[in-house]
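What follows is the residue order along each chain.
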Protein chains: 2
Amino acid sequence: MGMIPETYRRIVLANRPLTEPAETDFSLEVVPMPEPGPGQVLVRIIYLSLDPYMRGRMRDAASYAPPVGIGEVMTGGTVGEVVLSNHTEYKVGDIVEGRLGWQEFGIGDGPSMRKIDPILAPISTANGILGMPGMTAYCGFFEIGMPKVGETVVVSAASGAVGQVVGQLARMAGCRVVGIAGGPTKCAYVCDELGFDACIDYKATNDLGAALQDDCAEGIDVYFDNVGGPISDAVTLHLNTWARVILCGAISQYNAAEPGLAPRLPAFFVGRRVTMRGFIVSDFAAHFEPARRIMSRLVEQGRLKYREDIVDGLENAPRAFIGLLRGENFGKLQIRVASETG
Amino acid sequence: MGMIPETYRRIVLANRPLTEPAETDFSLEVVPMPEPGPGQVLVRIIYLSLDPYMRGRMRDAASYAPPVGIGEVMTGGTVGEVVLSNHTEYKVGDIVEGRLGWQEFGIGDGPSMRKIDPILAPISTANGILGMPGMTAYCGFFEIGMPKVGETVVVSAASGAVGQVVGQLARMAGCRVVGIAGGPTKCAYVCDELGFDACIDYKATNDLGAALQDDCAEGIDVYFDNVGGPISDAVTLHLNTWARVILCGAISQYNAAEPGLAPRLPAFFVGRRVTMRGFIVSDFAAHFEPARRIMSRLVEQGRLKYREDIVDGLENAPRAFIGLLRGENFGKLQIRVASETG
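Predicted model only: the values in this text are computed from it and were never measured. (Residues numbered from 1 in each chain as written. Chains lettered and ligands numbered in written order. Predicted model: local features only at pLDDT ≥ 70, side-chain atom pairs only at ≥ 80, totals over all residues. Heavy atoms only, no water.)

**Considering the overall build of chain A**
As a reminder, the rule being used: Working definition: helices are DSSP H or I runs of at least four residues, strands are E runs of at least two. Numbering for both runs from the N terminus. A radius of gyration in this sense is built from C-alpha atoms; the matching globule rule multiplies 2.2 Å by the number of residues raised to 0.38. The cut-offs for exposure are 20% and 50% of the maximum accessible area for each residue type, with area from a 1.4 Å probe on protein chains only; residues under the lower value are buried, those over the upper are exposed, and the others partly exposed. Residue contacts follow a heavy-atom distance rule, with two residues in contact if any of their heavy atoms lie within 4.5 Å. The method behind every accessible area is Shrake-Rupley, applied with a 1.4 Å probe, and residues are considered shielded solely by the protein chains displayed.
Scanning chain A from N- to C-terminus turns up 9 helices and 16 strands. For 342 residues, the compact-globule estimate of 2.2 N^0.38 gives 20 Å, and the C-alpha radius of gyration of chain A, at 20 Å, lies within 12% of that figure. Seen through its principal axes, chain A has C-alpha atoms that stretch 60 × 45 × 35 Å. Counting over 342 residues, chain A shows a buried share of 56%. Sequence-distant contacts, at least 24 apart, represent 68% of the contacts inside chain A between residues at least 6 apart. If you sum the accessible surface of chain A, you get close to 14100 Å²; carbon and sulfur atoms cover 53% of it.

Listed below in structure tokens is the structure:
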């Protein structure tokens with residue numbers, strides 16, 4: 001670890017985009033280094049997680065979390081190294097996970113941080129398979145999906161941070177798993193590396209319904225939905241009686257100024273007794289400790305694989321984030337804000 | 001009880017309507033009286049229940065129950081009197097509930113019937129508050145709605161067979177209850193007679209959202225949906241975090257040839273953690289016995305009121321059913337097929 005610089009860079013929200021964000025909606029600032037107060041630590045951020053939910057924070061609308069204000073640092077999960085500590089439980093050199101945002105340094109306090117053991121797994125996984133996306137997959141799939149052996153599970157955004165985990169867990173749970181992803185490379189990865197039973201390239205078909213019929217001949221029992229929109233409309237029509245739809249995200253809709261229109265479902269949902277439930281990962285906070293223990297072991301055993309898409313440099317976060325909303329990333333997207341070795 | 005006639009009347013499906021049914025889609029037939037076989041009984045039908053689900057049986061489409069074939073008797077719940085019995089547990093004069101359809105006489109067997117005690121409550125209630133609609137209200141509201149004291153419950157088709165029961169149960173469960181109904185008479189009944197806290201006349205407002213905002217200032221926690229369509233679209237936008245949507249029916253859509261379009265909800269449902277679940281009353285068959293015991297007591301105590309809309313004469317069933325789909329009935333719609341006293 002080197003000297004602590006006098007200034008650092010951060011990215012703030014400059015404008016609220018109505019549709020697709022542009023790089024000009026973000027602004028890179030250089031500001032003086034803060035000093036940690038009593039009970040606080042100064043963290044040198046190494047990895048910044050980029051996630052679809054951040055698009056919601058750019059809207060000036062009440063949601064489950066307050067929006068980022070204009071001129072405020074973009075929120076985001078981070079993994080970094082403690083470089084100054086006024087907290088008895090954290091010492092300089094500790095690796096910590098926290099929500100310090102799109103910046104090179106941040107101030108953390110005890111309750112909002114979690115110490116990471118860098119021996120167990122690469123520290124970037126604390127933003128990925130062993131972090132928020134992994135917990136989202138594990139808790140959403142099991143707590144809402146309630147999968148049973150022999151059922152058919154469909155996962156949209158199958159190669160993404162959450163989808164890749166859901167599909168592997170579903171396979172281990174004895175389910176048949178069909179992914180939906182964009183492009184042959186992602187589909188091949190999902191089948192060949194992660195062991196999904198099939199993966200539909202939605203960009204290569206103009207009849208997703210027929211493709212689903214082929215790959216899910218016995219219908220769909222659990223749909224883990226990361227995308228919403230027309231892809232989900234097609235999946236819905238293949239749901240079996242008693243199906244569960246896990247609403248995790250709707251990335252296809254996040255850049256829309258207004259909600260689009262979709263075929264009405266309630267009459268269909270009555271006949272099929274479909275349960276559709278939206279969730280936020282923090283709803284299941286009480287499950288994180290056991291889930292992380294299990295997931296860590298599966299990763300260590302090589303039974304649970306993961307793919308990260310790491311982009312270097314904080315200054316590239318806006319462009320990478322815009323690409324994420326377009327589906328350009330391949331695996332869990334992160335920014336390497338600084339070198340692990342300082 | 002008089003002599004058993006040699007023929008009887010029944011109504012069969014003549015055509016499958018694509019949109020609103022017409023009277024010509026039904027046909028009245030006179031057919032010879034059947035004889036009950038071993039273990040069967042002949043029932044003189046007194047009350048025929050008319051319910052929205054019957055529209056679904058007129059479609060030639062797989063659903064949770066098979067469609068009525070062209071030339072087959074329309075299905076329906078009935079209450080009647082045993083006039084011939086080859087079953088040891090049923091004797092002539094017993095009042096029984098069963099699913100004998102749109103006809104004056106029907107053959108029942110033991111397992112598909114239930115004996116009614118005519119002392120406890122008017123026998124027509126076995127088609128209504130103490131029958132399928134009452135069970136639908138009780139089980140759907142409590143098993144899926146999971147209401148809590150102090151929550152706000154909205155019920156569409158509030159004066160209908162199911163809605164009127166849901167609202168009264170919700171009041172007794174300590175909830176604030178807002179109905180939605182068509183016309184001042186139904187709204188006044190729901191508030192003044194049944195004790196709902198408020199009732200919105202959807203025909204008298206062109207801004208249902210504003211009306212909901214007025215009457216549900218703290219948002220909506222449970223929505224018992226009998227209607228679907230634009231009314232439900234408006235309700236949905238007022239759902240609170242953790243809201244439950246009980247999908248019981250979608251009568252506004254039953255005459256539509258194709259599902260219409262609705263605003264996309266999944267992104268909203270994620271943020272609000274909404275659970276939406278469709279059900280069929282028979283899903284909760286294991287709950288009927290205790291539910292009926294409780295509901296019977298509440299009716300006896302005068303704490304649970306009900307309103308029936310009884311139309312005389314089997315020949316009027318098609319017109320009454322068409323009116324039901326238009327919301328013209330006021331309370332649980334039934335056909336008095338024959339006099340109770342024979």
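There's plenty left to go through after this.
**Some details on the sheet that holds strand β14 (residues 275-278) of chain B**
To keep it simple, the criterion reads: By the convention used here, strands pair only if DSSP detects at least 2 bridges between them. Simply put, an axis is a line fit to the C-alpha atoms, just over the touching stretch for a helix, and the angle between two N-to-C directions goes from 0 to 180 degrees.
Across the sheet, 12 strands lie side by side as β10(A)-β9(A)-β8(A)-β11(A)-β12(A)-β14(A)-β14(B)-β12(B)-β11(B)-β8(B)-β9(B)-β10(B); this open sheet has mixed pairing. Single-partner strands in this sheet number two, and they are β10 (198-201) of chain A together with β10 (198-201) of chain B. The mean angle between the axes of side-by-side strands here comes to 15°, regardless of whether they run parallel or antiparallel. Sheet strands in contact with helix α3 (residues 163-172) of chain B are β8 (152-156), β9 (176-181) and β11 (220-225) of chain B, and its direction is about 170° off that of β8 of chain B. Of the strands in this sheet, β9 and β10 of chain B touch helix α4 (residues 184-193) of chain B, which is tilted by about 170° from β10 of chain B.

**Focus: the interface of chain B and chain A**
We count it as follows: A simple way to read buried area is as the amount of 1.4 Å-probe accessible surface that goes missing from two parts once joined, with both sides added. Counted as salt bridges are all cases of a side-chain nitrogen of Lys or Arg within 4 Å of a carboxyl oxygen of Asp or Glu. Nitrogen and oxygen atoms within 3.5 Å of one another constitute a polar contact, given that in protein one can donate a hydrogen and the other can accept it, and given that sequence-neighbouring residues count only through two side-chain atoms. Each residue gets one of three labels, nonpolar for Ala, Val, Leu, Ile, Met, Phe, Trp, Tyr, Cys and Pro, charged for Asp, Glu, Lys and Arg, and polar for the others, Gly among them.
With 32 residues of chain B at the interface, the matching set in chain A holds 32 residues. Buried surface at the junction of chain B and chain A, both sides included, amounts to about 2800 Å², of which 62% is carbon and sulfur. Looking only at chain B, the three residues that lose the most surface to chain A are Arg264, Val270 and Arg273 of chain B, adding up to 27% of its buried area. The tally of links between chain B and chain A comes to 4 salt bridges. Between aspartate 283 of chain A and arginine 273 of chain B there is a salt bridge, with its nearest N and O atoms 2.8 Å apart. Run the count over chain B and chain A and you get 12 residue pairs in polar contact (both at pLDDT 80 or more). Contributing elements (two or more residues each) for the side of chain B that touches chain A: α6 (229-236), β12 (239-247), β13 (261-263), α7 (266-272) and β14 of chain B. Residue contributions to the side of chain B that touches chain A peak at 5 residues, all from α7 of chain B. Its residues assigned to classes, the side of chain B that touches chain A shows 19 nonpolar, 8 polar and 5 charged. Two elements, strand β13 (residues 261-263) of chain A and β13 of chain B, share 3 bridges in a ladder whose sense is antiparallel. Considered in β13 of chain B, the bridge of leucine 261 of chain A is made with proline 263 of chain B.

**Some words on the side chain of arginine 44 of chain B**
Residues and elements named next belong to chain B. Within the secondary structure, arginine 44 is located in strand β3 (residues 40-49). At 2.7 Å, the side chain of arginine 44 forms a polar contact with the side chain of glutamate 81. A polar atom in the side chain of arginine 44 sits 3.0 Å from the backbone oxygen of serine 339. Setting aside anything within four residues of it in sequence, one finds arginine 44 in contact with Gly80, Glu81, Val83, Glu104, Phe105, Ala338, Ser339, Glu340, Thr341 and Gly342.

**Overview of the nonpolar core**
Here is the rule: Take the buried residues of types Ala, Val, Leu, Ile, Met, Phe, Trp, Tyr and Cys, join any two whose side-chain atoms come within 4.5 Å, and each joined set is a nonpolar core.
Counting 111 residues, the largest nonpolar core has Leu50 and Trp102 of chain A together with Leu50 and Trp102 of chain B as the members making the most contacts within it. Not counting residues up to four positions away in its chain, the partners in contact with leucine 50 of chain A are Trp102, Ala317, Ala320, Phe321, Leu324, Lys332, Leu333 and Ile335 of chain A.

**Re unusual backbone geometry**
With phi around 40°, methionine 146 of chain A is a residue other than glycine that occupies positive phi space. Of note, methionine 146 of chain A is situated in the loop between α2 (132-144) and β8 (152-156).

**Examining the relation of the copies chain B and chain A**
Definition in use: Superposing copies: least-squares fit, C-alpha atoms only, residues required to have pLDDT of at least 70 in both.
It takes a turn of 180° to lay chain B on chain A, together with a shift of 0.0 Å along the axis; the resulting RMSD is 0.0 Å. The operation mapping one copy onto its partner corresponds to a two-fold rotation axis. Looking at the interface residues of chain B, 100% of them are also at the interface in chain A, so both copies use one shared face.

**Re the packing of helix α2 (residues 132-144) of chain B against α3 of chain B**
All names here are of chain B. The condition is simple: Here the angle decides the label: under 35 degrees means roughly parallel, over 145 means roughly antiparallel, 65 to 115 means roughly perpendicular, and every other value means oblique. Handedness of a crossing follows from how the near helix is turned relative to the far one, being left-handed for an anticlockwise turn of less than a right angle and right-handed for a clockwise one.
Remark: α2 packs on α3, axes separated minimally by 8 Å, with the N-to-C direction vectors making an angle of 50°. Here α2 is positioned oblique relative to α3, judged by the angle of their axes. The handedness of the crossing between α2 and α3 is right-handed. Where α2 abuts α3, its residues Ala137, Tyr138, Phe141 and Phe142 lie against Val165, Val166, Leu169 and Ala170.

**Description of the packing of aromatic side chains**
Residues and elements named next belong to chain A. We apply this condition: Aromatic rings from Phe, Tyr and Trp, with only the six-membered ring used for Trp, were paired whenever their centres fell within 6.5 Å, and each pair was classed as stacked if the ring planes differed by under 30 degrees, edge-to-face if by over 60, and tilted otherwise.
For the structure shown, the criterion picks out 18 aromatic pairs over all chains. Relative to phenylalanine 321, the ring of tryptophan 102 lies with its centre 5.7 Å away and its plane at 75°, an arrangement referred to as edge-to-face. Here tryptophan 102 is found in the loop between β5 (95-98) and β6 (105-109), whereas its partner phenylalanine 321 is found in helix α9 (residues 317-325), with 219 residues between them in sequence. The class of tryptophan 102 is buried, set by a relative accessible area of 0%. The exposure class assigned to phenylalanine 321 is buried, which follows from its relative accessible area of 0%. Arranged with centres 5.0 Å apart and planes meeting at 65°, the rings of phenylalanine 141 and phenylalanine 142 form a pair that is edge-to-face.

**A short note on the pattern of salt bridges**
Applying the stated criterion across every chain yields a total of 34 salt bridges over all chains. One salt bridge in this structure joins arginine 336 of chain A and aspartate 312 of chain A, with 3.0 Å as the shortest N-O distance. Pair noted here: arginine 336 of chain A is in strand β16 (residues 332-336) and aspartate 312 of chain A is in strand β15 (residues 308-312), with a separation of 24 residues, a long-range link. Given the relative accessible area of 45%, aspartate 312 of chain A is considered partly exposed. A salt bridge links arginine 9 of chain B to glutamate 104 of chain B, with the nearest nitrogen and oxygen atoms 3.0 Å apart.

**Description of the pairing of strand β3 (residues 40-49) of chain A**
Residues and elements named next belong to chain A. Most of β3 is tucked away, with 9 of its 10 residues classed as buried. The pairing of β3 with strand β4 (residues 78-85) spans 7 bridges and is classified as antiparallel. Bridging across to β4, valine 43 finds its partner in valine 82. Both β3 and β16 contribute to a ladder of 3 bridges, which runs antiparallel. Bridge pairing in β16 places leucine 48 opposite isoleucine 335.

**A closer look at the confidence of the model for chain A**
Our working definition: Predictor confidence is given residue by residue as pLDDT, running from a minimum of 0 to a maximum of 100.
Summarising the model, chain A shows a mean pLDDT of 96, and 99% of its residues fall at 70 or more. Quick note on the complex model: pTM equals 0.91, ipTM equals 0.85.

**Some thoughts on the side chain of arginine 57 of chain B**
So the rule is basically this: Charged residues are defined narrowly, with Lys and Arg counted positive, Asp and Glu counted negative, and His plus the chain ends left uncounted.
Mapped onto the fold, arginine 57 of chain B is located in helix α1 (residues 54-57). For the buried residue arginine 57 of chain B, which engages in no salt bridge, the nearest side chain bearing the opposite charge is aspartate 51 of chain B, 9.5 Å off.

**A word on the environment of threonine 7 of chain A**
Residues and elements named next belong to chain A. For threonine 7, the position within the fold is in strand β1 (residues 7-13). For threonine 7, a relative accessible area of 41% translates into the label partly exposed. For threonine 7 and valine 30, which are 23 residues apart along the polypeptide, the C-alpha to C-alpha distance reads 6.4 Å. Discounting chain neighbours no more than four positions away, the residues touching threonine 7 are Val30, Val31, Pro32 and Met33.

**Observations regarding the environment of valine 235 of chain B**
Residues and elements named next belong to chain B. On the secondary structure map, valine 235 appears in helix α6. According to the relative accessible area criterion, valine 235 is buried, its value standing at 0%. For valine 235 and glutamate 193, which are 42 residues apart along the polypeptide, the C-alpha to C-alpha distance reads 24 Å. The residues contacting valine 235, other than those within four sequence positions of it, are Val154, Ile180, Leu212, Ile220 and Tyr223.

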